[in-house]
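Report on the structure
If you want the building blocks of each chain, they are given just below.
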Amino acid sequence: MQNDIINGEDVSADAITNCMKTTRNTLSTWKISNEFEIEDAVLAIVSGHDHLDSIDVICLNSKALKMHGLTFEDTPGLTPLESFSKRHVDIINLSYTSLGAVANQIVENIKDGKVKRYTKGMQKKILKIAIESGRLERDNLHPSLSMKL
Amino acid sequence: MSELYEIIETKSGEIIIDSKALPDYDIVTYEEDSSTAPLFEEELEEDRTLLTPSLENRLNRRRLQEFMDKFASELLHSIRDQDFEYGINSPADILVKNCMQENEIVTKEWLNKIYVDNYANTEILIGLLRVVSRFDYNKITPQGPTMALAALPHANPEVRECGIRAFESWGTLESLNILRNVQCDEDWLQAYVNQVIEDLEEEWGMSVPSS
């Protein structure tokens, strides 16, 4: 059963392991300079998907996380949006404690309502605009994704 | 054509005048693509001895059991153990897609059965809802939408969300009409429903998009 974290309940283990799944102690993120670039990050993420599913996006404060000892490393991002591929950042060498720091920031963002859901319809609009402007090549999308646009 | 005679009693070479002649059979041919050519189903209708009342049911039950025996364990294992990520095809998606290509009707019945049998298991329900939402509405109906409808009153909000996600994924007018009649206790979930309704109304030309 889901925990009511907004009303103070603890974050469930499944939420940590499913929503913050690490690979080789690494969490994948995309770096933005300001809130106006959130949709660029969304575009970079969803353009690499097989199909459109609503996703939730949260902005992490890298300065605050660094103060908790987290380490960030620039790594090439796997995305058809070539102009954004260099914005990919891994949070590396994560441990039980440092992952907890990330989880706490996510929880605070959720409590403050700073999480945005990008629905399938919203993603379609973002993708279509990017294709029409030439920022994104339709041929670079997964066929089942391209078909839905 | 020479007459054919049936021997009705043994005699020593004596010809029996009133021998019974066998019926004369003509060779019957059907023209290809003729509108009068009978269909197999029509022949069955005319001669019900070819189709016993229980034959179709037995065939379908056997097919369903075959699918259960062959795929259920693999599907449940896949759902439990997969690293699921929204937007990415999962092993469960691929497995069920292959089953649908083999036999759509039996696959849908099979998924429905697993769903009902596991209604108390949120992990399985969520996995199944994600899988059925991957198919076109016309292919997965009626079992898919029925499963999504059954998710809406579930005690677990994540299951309810997955039901809404399925209708969002299908994006049909039927989905829109259902979502318009959904009421959620959680603000975040109702906000999600409202946004999907807005998206679908725009897609179906029922609203003017805001600039």
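To keep things clear, this report deals only with the structure shown in the data block. Just so it is clear, the model here is predicted, and its values are computed rather than measured.

**Focus: the overall build of chain A**
Across its full length, chain A holds six helices and five strands. Its C-alpha radius of gyration of 16 Å places chain A within 12% of the 15 Å reference for a compact globule of 149 residues. Overall size of chain A, expressed as C-alpha extent along the three principal axes, is 45 × 35 × 25 Å. For chain A, with 149 residues in total, the buried portion stands at 42%. Residue pairs at least 24 apart in sequence account for 71% of intrachain contacts in chain A once pairs closer than 6 positions are excluded. Approximately 9000 Å² of chain A is accessible, and the part contributed by carbon and sulfur atoms is 50%.

**Points about the packing of aromatic side chains**
Residue and element names in this part refer to chain B. Counted according to the given criterion, the structure contains eight aromatic pairs over all chains. Judged by centre distance (6.2 Å) and plane angle (70 degrees), the ring pair of Phe-67 and Trp-110 falls under edge-to-face. Remark: Trp-110 occurs in helix α4 (residues 104-117) and Phe-67 occurs in helix α2 (residues 55-81); sequence separation between them is 43 residues. In terms of burial, Phe-67 and Trp-110 fall into one category: buried. Between the aromatic rings of Phe-167 and Trp-170, the centroid separation amounts to 5.6 Å while the plane-to-plane angle is 80 degrees, which identifies the pairing as edge-to-face. On the criterion of helical spacing, the pair formed by Phe-167 and Trp-170 is a turn pair, its members being three residues apart in helix α8 (residues 157-170). The exposure class assigned to Phe-167 is buried, which follows from its relative accessible area of 0%. Members of the aromatic cluster, joined through ring pairs, are Phe-67, Phe-71 and Trp-110.

**As for the environment of Thr-71 of chain A**
Residues and elements named next belong to chain A. Among the structural elements, Thr-71 can be located in strand β3 (residues 71-74). Thr-71 sits in the partly exposed class, given a relative accessible area of 35%. For the pair formed by Thr-71 and Cys-59, sequence separation is twelve residues and the distance between their alpha carbons is 17 Å. If sequence neighbours within four positions are ignored, Thr-71 has contacts with Asp-90, Ile-91 and Ile-92.

**With respect to helix α7 (residues 143-151) of chain B**
Residues of α7 of chain B that are buried include every one of Gln-143, Gly-144, Pro-145, Met-147, Ala-148 and Ala-151 of chain B, and no others. Close packing links the buried residues of α7 of chain B with α4, α5 (122-132), α6 (137-140) and α8 of chain B.

**Thoughts on the pattern of salt bridges**
Throughout the structure, instances matching the rule amount to 16 salt bridges over all chains. The salt bridge partner of Lys-31 of chain A is Asp-74 of chain A, with a shortest N-O separation of 3.7 Å. Separated by 43 residues along the polypeptide, Lys-31 of chain A in the loop between β1 (27-30) and α2 (38-46) and Asp-74 of chain A in strand β3 bring together distant segments of the chain. Classification of Asp-74 of chain A as exposed rests on a relative accessible area of 55%. In this structure, Glu-186 of chain B and Arg-160 of chain B form a salt bridge, with 2.3 Å as the shortest nitrogen-oxygen distance. Of this pair, Glu-186 of chain B sits in the loop between α9 (173-179) and α10 (187-203) while Arg-160 of chain B is found in helix α8, placing the two residues 26 residues apart along the sequence.

**Some details on unusual backbone geometry**
Glycine aside, residues mostly have negative phi angles, and peptide bonds mostly take the trans form. Following Thr-141 of chain B, the chain continues to Pro-142 of chain B via a peptide bond in cis, the omega torsion being 0 degrees. The phi torsion at Arg-24 of chain A lies on the positive side, around 50 degrees, for a residue other than glycine. Tracing the sequence through the fold places Arg-24 of chain A in the loop between α1 (13-19) and β1.

**Things to note about the packing of α5 of chain B against α8 of chain B**
Residues and elements named next belong to chain B. Packing of α5 against α8 brings their axes to within 9 Å, and their N-to-C directions diverge by 5 degrees. The pairing of α5 with α8 is recorded here as roughly parallel in orientation. When α5 is examined against α8, the residues Thr-122, Leu-125, Ile-126, Leu-129, Arg-130 and Val-132 are found in contact with a partner set consisting of Glu-158, Val-159, Cys-162, Gly-163, Ala-166 and Trp-170. For the contact of α5 with α8, the class distribution of residues is eight nonpolar, two polar and two charged.

Quick notes on the rules
Residues numbered from 1 in each chain as written. Chains lettered and ligands numbered in written order. Predicted model: local features only at pLDDT ≥ 70, side-chain atom pairs only at ≥ 80, totals over all residues. Heavy atoms only, no water. Helix = DSSP H or I, 4+ residues; strand = E, 2+ residues; numbered from the N terminus. Rg over C-alpha atoms; globule rule 2.2 N^0.38 Å. Buried < 20%, exposed > 50% of the residue type's maximum accessible area, 1.4 Å probe, protein only. Contact = heavy atoms within 4.5 Å. Areas by Shrake-Rupley, 256 points an atom, 1.4 Å probe, with all protein chains shown as cover. Phe/Tyr/Trp six-rings, centres within 6.5 Å; stacked < 30°, edge-to-face > 60°. Salt bridge = Lys/Arg side-chain N within 4 Å of Asp/Glu carboxyl O. Axes fitted to C-alpha atoms, helices over the stretch in contact; angles between N-to-C directions. Parallel < 35°, antiparallel > 145°, perpendicular 65-115°, else oblique. Nonpolar A, V, L, I, M, F, W, Y, C, P; charged D, E, K, R; others polar.

So far we have only geometry, and geometry alone does not tell us how the molecule works.
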